[in-house]
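Summary of the model geometry
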Amino acid sequence: MNRLSARALIAALTLSVLVPFAAAQTQQPGYGTPPSGTTTTGTTTTSATPTPNTGVPTAGTAASPTAPVPVGAPVVAPPQPATPLPPSPTSTTGAKPVVFGSQMFSGRFGAVTFSGFNPDYQLAVGDNVLVRLWGAIVYEAVQPIDAQGNIFIPNVGPVKVVGVRNGDLNQLVDTAVKKVFRANVGVYATLQAAQPVKVYVTGFVRAPGLYGGLSSDSVLYYLDRAGGIDPDRGSYLAVDVMRNGKQRARIDLYQFLLKGKIEALQLQDGDTIVVPPRQHSVVVSGEVLNPYQFELNKPQVTAAELMALAQPNPNATHISIVRSIGAERRSEYHPIEKAGEVVIQAGDVVGVTADKYPATILVRIDGAHLGERSFVMPYGSRLKDVVARLKPAPQANIDALQLYRLSVAAKQKESLDQTLRGLEVAALTARSSTMEEATLRKTEADLILQFVERARAIVPKGQVVLASKEQAGETVMEDGDVVRLPERSNLVAVSGEVTFANTLIYNPSYDVDQYVDLVGGYTQRSDRSKILLLRPDGSIAPSGAKPGAGDEIIVFPKVETKWVEVARGITSILYQLAISAKVLTTF
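Residues numbered from 1 in each chain as written. Predicted model: local features only at pLDDT ≥ 70, side-chain atom pairs only at ≥ 80, totals over all residues. Heavy atoms only, no water.

With that settled, consider helix H7 (residues 406–428). Spanning 23 residues, H7 covers 33 Å between terminal C-alpha atoms, matching the ideal 33 Å at 1.5 Å per step. Those residues of H7 not exposed but buried are Ala409, Gln412, Leu416, Asp417, Thr419, Leu420, Leu423, Glu424, Ala426 and Ala427. (Helix = DSSP H or I, 4+ residues; strand = E, 2+ residues; numbered from the N terminus. Expected span 1.5 Å × (residues − 1). Buried < 20%, exposed > 50% of the residue type's maximum accessible area, 1.4 Å probe, protein only.)

Spelled out as structure tokens, the structure:
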């Protein structure tokens, strides 16, 4: 009795699992049972509640005949890996010039298919048409265009739609249905999916082959799938689309790049996209928006035609031409206003320049000044001309006038970098006679390299020393100069290898040692033979001079190393930093 009960219980549990599973499987389309909500009568399928197709394939399956893309439906593509940007023509200085047009083919056209509504698209055999009828008769189906160019609508019959414009499809089907059902029937017909096609791409492309897509996809899609046009050999001006051995269209990709114009073609199975060899080319650089290598469709053009492609900047003034004639190289130089009269030949190297001579300069005023902070001065003005326009504040110290210049800062930085490179070479190329000495030098070299990195990060101020008051007024001003009018100060700054760097009240009777004593004295690492006394005007006071109001005392560290070259290099760098940037970094 117990065995029978157990067996009955197992059988009941098995049936409770298998029966719902089998029922669910028989309800799925493809198992012989139509979808829920539909009835079948003869050859006509009607639906009380139309169920539109909501499946939208991804970009990777759009070309598959089993996965049509509804026209007008959004294409949901899978996440794409980040595509690198094409090279910028301005970031390839000294390298091979970038060909204009090559920036198009980086994988972005080939990643997404075009399935939008195109009213001029002509329906072809294999296209799928969605037909919906409502009112007195309810019907919905996706009808493929058969080999005779028809779709079949129950109770209406075949309707010829091949070759019809997509924009006229609904009206054509509505007219055919109204011939049978004259009233109380609404009609809606649209292209449900463009025809999947396979197109040959050949010629001067990187990867010739047969590529699948949609008949509504552009030529750019197929070219991108083929790796793009070979920038060294292919033509961007004459891309041919062939059908049955005859030219269907010729596309100029420069029109698309510059004006956004490209012919919308309806491709078919077996069409061939051919990229012919590149024609003539010219390299353009300089003051232009498009510094590229351009392809030309004729061996000679005017400079004005070339500038229409290169788009010169507003400040461009002249055109330079370098032309190779046999073994000779010849140069030409023309104003850009005469570009219509200048002839450019294939192979020329064209440069667009901005030849400007300064008529005025801009000088910035900082510090204790009551007037305008920027002066526009005539080119060639001198410091005394700037001083004449100053409006000093009551607390200004005109005798300590300071001048900062960008060109001086650049030279100071260049000199500092050169000294730092010499120090690196001396530290890294020193020889050792024993293992202990080698270990010691490696440790010391690491410290030197750290010091070099800190020193490289310091930016010089570019101060011009105005020690000679008589000659300082004759200094010719440069554009971007900064004139600083400091305030009168009764302070003396003490920094460097002292116990506590600080700023003290000026005392005319104190010397350097007395000021240092007031901040705690010298440190053990200080070198008392190397003390710098900087004046406010950027000059260095002679050894033994007393500090003045507004001066700065800098005490240098003692460079402890057995290498004479390294010690000399570090000392030189410390002096340069103290003078050019008023900064002292430790070693």
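Right, let's get into the packing of aromatic side chains. Here the structure, examined in full by the defined rule, presents seven aromatic pairs. Here the aromatic rings of Phe100 and Phe294 are separated by 5.0 Å at their centres, their planes lie at 45°, and the arrangement is tilted. Placement of Phe100 in the loop between strand S2 (44–47) and strand S3 (128–135) and of Phe294 in strand S14 (residues 293–296) is noted, with a sequence separation of 194 residues between them. The exposure classification of Phe100 matches that of Phe294, with both residues buried. On the basis of an interplanar angle of 90° and a centroid distance of 5.1 Å, the ring pair of Tyr221 and Tyr222 is categorised as edge-to-face. (Phe/Tyr/Trp six-rings, centres within 6.5 Å; stacked < 30°, edge-to-face > 60°.)

So, about the sheet that holds strand S26 (residues 502–505). Here four strands make up an open sheet; going across it, the order is S26-S25-S28-S27 and the pairing mixed. Every interior strand has two partners, whereas the edge strands, S26 and strand S27 (526–534), have only one. Neighbouring strand axes in the sheet, compared pairwise and without regard to direction, differ in orientation by 25° on average. (Pairing = 2+ DSSP bridges. Axes fitted to C-alpha atoms, helices over the stretch in contact; angles between N-to-C directions.)

This brings us to the sheet that holds S14. What the five strands build is an open sheet, ordered S14-S13-S19-S16-S17; its pairing is mixed. Because the sheet does not close on itself, it has two edges, and the strands there are S14 and strand S17 (328–335). Each adjacent strand pair in this sheet contributes to an overall mean axis angle of 25°, direction not counted. With four bridges joining them, strand S13 (residues 280–286) and S14 adopt antiparallel strand pairing. Pairing of Val282 across the sheet is with Phe294, part of S14.

Before going further, it helps to spend a moment on the pattern of salt bridges. For the coordinates displayed, the defined rule picks out 21 salt bridges. Measuring nitrogen to oxygen at the nearest pair gives 2.6 Å for the salt bridge that ties Asp481 to Arg405. With a gap of 76 residues between them, Asp481 in the loop between helix H9 (469–472) and strand S24 (482–485) and Arg405 in the loop between strand S22 (402–404) and H7 connect regions that are remote in the sequence. As far as burial versus exposure is concerned, Asp481 and Arg405 are alike and both buried. One network of salt bridges, in which partners are shared, links Arg323, Glu332 and Asp348. (Salt bridge = Lys/Arg side-chain N within 4 Å of Asp/Glu carboxyl O.)

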